[in-house]
Amino acid sequence: RAPELQAPLRGASGRIWHADFWWPDFNLIGEFDGQAKYTDERYLRGRSPQRALYDEKRREDDLRAVPHGLTRWPWETAISMPRLRAHLIAAGLR
């Protein structure tokens, strides 16, 4: 079945985060890891790229601690259905 998009999920801290993709049947979060969130001021919102990367790492740690499975893929994987399929299967999606 299709994933839920921008699904609200509670981390171990109690904070609600929004996952790019969520497959509840597999307890799997999927994140498209584009560079813009680390380089574009619209996404940085005054933070340095290093701070944005640190914040993203803490977010991921909070979600994994629940625990949820979590996988990330870059643009090069996203634009290739065979690569994306192989990536998601390796992450546990069936």
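A. Main features of the packing of aromatic side chains. Scanning all chains against the criterion turns up 3 aromatic pairs. Ring plane angle 15° and centroid distance 6.1 Å describe the contact between F21 and W23, whose orientation is recorded as stacked. Residues F21 and W73 carry aromatic rings whose centres are separated by 5.4 Å and whose planes lie at 35° to one another, so their mutual orientation is tilted. Here F21, found in strand β2 (residues 16-23), pairs with W73, found in strand β4 (residues 69-73); they are 52 residues apart in sequence, far enough to count as distant. Given the relative accessible area of 4%, W73 is considered buried.

B. Molecular detail of unusual backbone geometry. With omega at 5°, the peptide bond leading from V66 into P67 counts as cis. Structurally, P67 can be placed in the loop between α3 (49-64) and β4.

C. Inspection of the layout of surface pockets at higher detail. Counted as a void, the largest pocket has a volume near 540 Å³. Looking at the lining of the largest pocket, the elements with two or more residues in it are β2, β3 (28-32), α1 (36-39) and α3. When residues in the lining of the largest pocket are grouped by element, the largest group, 7 residues, is from α3. The space that makes up the second largest pocket amounts to roughly 170 Å³. The wall of the second largest pocket is formed by P3, F21, W23, W73, M81, L84, R85, L88, I89 and L93. Elements with a minimum of two residues in the lining of the second largest pocket: β2 and α5 (81-90). The element contributing the most residues to the lining of the second largest pocket is α5, with 5 residues. A class-by-class count of the residues in the lining of the second largest pocket yields 9 nonpolar, no polar and 1 charged.

What counts, and where the lines are drawn
Residues numbered from 1 in each chain as written. Predicted model: local features only at pLDDT ≥ 70, side-chain atom pairs only at ≥ 80, totals over all residues. Heavy atoms only, no water. Phe/Tyr/Trp six-rings, centres within 6.5 Å; stacked < 30°, edge-to-face > 60°. Helix = DSSP H or I, 4+ residues; strand = E, 2+ residues; numbered from the N terminus. Buried < 20%, exposed > 50% of the residue type's maximum accessible area, 1.4 Å probe, protein only. 1 Å grid on protein atoms, 1.4 Å probe; cavity = no way out; pocket = protein on both sides within 12 Å on 5 of 7 lines; lining within 4 Å. Points joined across faces, edges and corners; volume = space filled by probe spheres on them. Nonpolar A, V, L, I, M, F, W, Y, C, P; charged D, E, K, R; others polar.

In short, the description is geometric, and any link to function would need to be established separately.
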